[in-house]
Amino acid sequence: MSKNEREFPLQYYLRTVMHKIRLYANSSLEPYDISSQQARIVGFIGEKQEKEINVCQKDIEAVMGITGPSVTSLLQGLDRKGFIKRRRSTKDDRIKELTLTPKGKELIAKFQKVFDDAEKKIAQGMTNEQKALFIKLLKVIDDIFKK
């Protein structure tokens, strides 16, 4: 048992599990030349686009909880790889709206299975009651950090 595991068990296990999930998702997405963060952005844009809701960088920042320069870098990579297009808003020249390309739309169906598989792997071995409790506890933690 490591010192961190003994002294900070919640942090240790949360960090360890999140790292393993990220590695699993990233390695599963590698054939598509996209990271799990980029895939989340593509999925978010696709979800909003289906509802005919315009998406800009600030929306991505809010949903993902990451800063402007990091989002800019992720979006530039997605644009360079041909998954999204950035275009000036017709309402405000300072804002770039984000849309999926046909290549980005095709990708969503492919990587949705990766995220479904990751969720199944996370809950593997849990009873329905344990899974419900786990989700409830994660929501408690999430709510605390929203304040």
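Residue numbering note: each chain is counted from 1, following its sequence as written. Local features are withheld for residues below a pLDDT of 70 in this predicted model, meaning they are given only at 70 or higher, and side-chain atom pairs are given and counted only at 80 or more; totals for whole chains, interfaces and linings count all residues. As a rule here, side-chain values cover all heavy atoms of the structure and leave hydrogens and water aside.

## With respect to the overall build of the protein
No. 1: Every helix listed is a DSSP run of H or I at least four residues long, and every strand listed is a run of E at least two residues long, numbered separately from the N terminus. Broken down by element type, the protein carries seven helices and three strands.
No. 2: When its helices and strands are written in sequence order, the protein yields α-α-α-β-α-α-β-β-α-α.
No. 3: Its C-alpha atoms give the protein principal-axis dimensions of roughly 55 × 35 × 30 Å.
No. 4: To sort residues, take the accessible area from a 1.4 Å probe on protein chains only and compare it with the maximum for the residue type: under 20% means buried, over 50% means exposed, and anything in between is partly exposed. Per-residue burial over the protein gives 26% buried out of 147 residues.
No. 5: Counting contacts in the protein only where the partners sit at least 6 residues apart, residues at least 24 apart contribute 47% of the total.
No. 6: By element, 55% of the accessible surface of the protein is carried by carbon and sulfur atoms, the whole surface being about 10,700 Å². Contact definition: two residues touch when any of their heavy atoms are within 4.5 Å. Note on areas: Shrake-Rupley with a 1.4 Å probe; residue coverage comes only from the protein chains shown.

## A word on the packing of helix α4 (residues 57–64) against helix α5 (residues 68–80)
No. 1: The interhelical angle for the contact between α4 and α5, taken along N-to-C directions, is 110 degrees, at an axis separation of 10 Å. In terms of orientation, α4 and α5 fall into the roughly perpendicular class. Once α4 is placed against α5, the crossing between them reads as right-handed. Contacts from Gln57, Ile60 and Glu61 of α4 reach α5 at Gly68, Val71, Thr72 and Leu75.
No. 2: Tallied by class, residues from the contact of α4 with α5 come to three nonpolar, three polar and one charged. Only C-alpha atoms enter the line fits that serve as axes; for helices the fit covers just the stretch in contact. Angles between N-to-C directions range over 0 to 180 degrees. Roughly parallel here means an angle under 35 degrees, roughly antiparallel means over 145, roughly perpendicular means 65 to 115, and every remaining angle is called oblique. By convention, the crossing between two helices is left-handed when the near helix turns anticlockwise from the far helix through less than a right angle, and right-handed when the turn is clockwise. All amino acids are sorted into three groups, where Ala, Val, Leu, Ile, Met, Phe, Trp, Tyr, Cys and Pro are nonpolar, Asp, Glu, Lys and Arg are charged, and the leftover types, Gly among them, are polar.

## Here we look at the pattern of salt bridges
No. 1: One speaks of a salt bridge when a side-chain nitrogen belonging to Lys or Arg is within 4 Å of a carboxyl oxygen belonging to Asp or Glu. Taken as a whole, this structure holds six salt bridges when the rule is applied.
No. 2: Of the charged contacts in the structure, one is a salt bridge between Arg86 and Asp79, with a shortest N-O distance of 3.5 Å.
No. 3: Given the relative accessible area of 26%, Arg86 is considered partly exposed.
No. 4: Judged by its relative accessible area of 22%, Asp79 falls in the partly exposed class.
No. 5: Its salt-bridge partner being Lys113, residue Asp117 comes within 2.9 Å of it at the nearest N-O pair. Of this pair, Asp117 and Lys113 are both found in helix α6 (residues 102–123), four residues apart, which corresponds to roughly one turn of the helix.
No. 6: Taking relative accessible area as the criterion, Lys113 reaches 52% and is therefore assigned exposed.

## Thoughts on the nonpolar core
No. 1: Buried Ala, Val, Leu, Ile, Met, Phe, Trp, Tyr and Cys residues form a nonpolar core when they are joined through side-chain atoms within 4.5 Å. Formed by 21 residues in total, the largest nonpolar core has its most connected members in Ile34, Ile41, Ile45, Ile60, Leu78 and Ile84.
No. 2: Where this core is concerned, the elements lending two or more residues are α3 (36–50), α4, α5, β3 (96–100) and α6.
No. 3: Per-element accounting of this core gives the leading share, five residues, to α3.
No. 4: Non-local contacts of Ile34, meaning those with residues more than four positions away in its chain, are made with Leu29, Ala39, Val42, Leu78, Lys81, Phe83 and Leu107.

## Digging into the sheet that holds strand β2 (residues 84–88)
No. 1: Spatially, three strands are ordered β1-β3-β2 in an open sheet, and the strand pairing comes out antiparallel. The open sheet terminates on both sides in strands that have one partner only, identified here as β1 (55–56) and β2.
No. 2: One requirement defines pairing of two strands: DSSP has to find at least two bridges between them. The pairing of β2 with β3 spans five bridges and is classified as antiparallel. Directly across from Arg87, in β3, lies its bridge partner Glu97.
No. 3: Contacting β2 and β3, α5 crosses the sheet at an angle of about 110 degrees to β2.

It is worth stressing that arrangement in space is one thing and function is another; only the former is reported here.
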